[in-house]
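# Report on the structure
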Amino acid sequence: MRFTILAVCLMLGACEVGPSRQSAQVQFADDLSGYVVVDEPSVERTADNLLRVSVPIRNVSDENIELMVQIEFRDAHGNPYNDETPKRVMLLARGETKHFFAHSMLSKADDFVATIWRNR
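From a predicted model like this one, the values you see are computed outputs, not experimental measurements. (Residues numbered from 1 in each chain as written. Predicted model: local features only at pLDDT ≥ 70, side-chain atom pairs only at ≥ 80, totals over all residues. Heavy atoms only, no water.)

In terms of regular secondary structure, the protein chain is built from zero helices and 10 strands. Reading the protein chain from its N end, one meets helices and strands in the order β-β-β-β-β-β-β-β-β-β. Out of the 120 residues belonging to the protein chain, those deemed buried represent 43%. Intrachain contacts of the protein chain at a sequence separation of at least 6 include 66% that bridge at least 24 residues. Within the structure as shown, the protein chain displays about 6,600 Å² of accessible surface, and the carbon and sulfur contribution to it stands at 48%. (Helix = DSSP H or I, 4+ residues; strand = E, 2+ residues; numbered from the N terminus. Buried < 20%, exposed > 50% of the residue type's maximum accessible area, 1.4 Å probe, protein only. Contact = heavy atoms within 4.5 Å. Areas by Shrake-Rupley, 256 points an atom, 1.4 Å probe, with all protein chains shown as cover.)

Shown next as structure tokens:
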């Protein structure tokens, strides 16, 4: 079951890249409430016109946590087009914030969906 973070994904207006930009989504594949908070992602174009995203993930629990994170890039219509990162492990100490960085492979990337799991 996936949970969309409402507070983070309200429209992400500060992340706009162009007029056709959709609103990025950050989803939890596991229930991580009380453990993880995702702050507002940043999105920019590289010199090669690729989409570069940075998703700040904060551990708000009193324990260390191990996550898996993946970003899937989408085109201007919000459709996936087979451009995604591999699932990567992210270790967060209690209270720590780390940024998950990713670049699209193609310049048609206009949006993204980030998914976060517990690494079991």
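Before going further, it helps to examine the pattern of salt bridges. Following the criterion strictly, the structure yields five salt bridges and no others. One salt bridge connects Arg45 with Asp110, and the closest N-O pair in it is separated by 3.6 Å. With Arg45 in strand E4 (residues 42-45) and Asp110 in the loop between strand E9 (97-103) and strand E10 (111-118), this residue pair connects regions lying 65 residues apart in the sequence. Linking Glu72 and Arg74 is a salt bridge whose minimum nitrogen-to-oxygen distance equals 2.7 Å. (Salt bridge = Lys/Arg side-chain N within 4 Å of Asp/Glu carboxyl O.)

Okay, the nonpolar core next. Counting residues in hydrophobic clusters, the biggest one holds 25 residues, and the most contacted among them are Ile57, Ile71, Phe73, Phe112 and Ile116. The biggest single contributor to this core is strand E6 (residues 65-74), with five residues. (Core = buried A, V, L, I, M, F, W, Y, C linked by side-chain atoms within 4.5 Å.)

Attention now goes to the packing of aromatic side chains. The full count for this structure, using the stated rule, is zero aromatic pairs. Just above the ring of Trp117 sits the side chain of Lys87; from NZ or CZ to the centre is 4.5 Å. (Phe/Tyr/Trp six-rings, centres within 6.5 Å; stacked < 30°, edge-to-face > 60°. Lys NZ or Arg CZ within 6 Å of the ring centre and 35° of its normal.)

It is worth spelling out the environment of Lys87 at this point. Structurally, Lys87 is set in the loop between strand E7 (80-84) and strand E8 (88-92). The partly exposed category is assigned to Lys87, whose relative accessible area is 48%. Along the sequence, Lys87 and Trp117 sit 30 residues apart, while their C-alpha atoms lie 9.3 Å from each other. What Lys87 contacts, discounting residues up to four positions off in sequence, is Met68, Val69, Gln70 and Trp117.

Within E10, seven of the eight residues are buried, which leaves the element mostly enclosed by the surrounding structure. Direction of pairing for strand E2 (residues 25-28) relative to E10: parallel, over a ladder of four bridges. When the bridges of E10 are listed, Gln27 appears paired with Thr115. (Pairing = 2+ DSSP bridges.)

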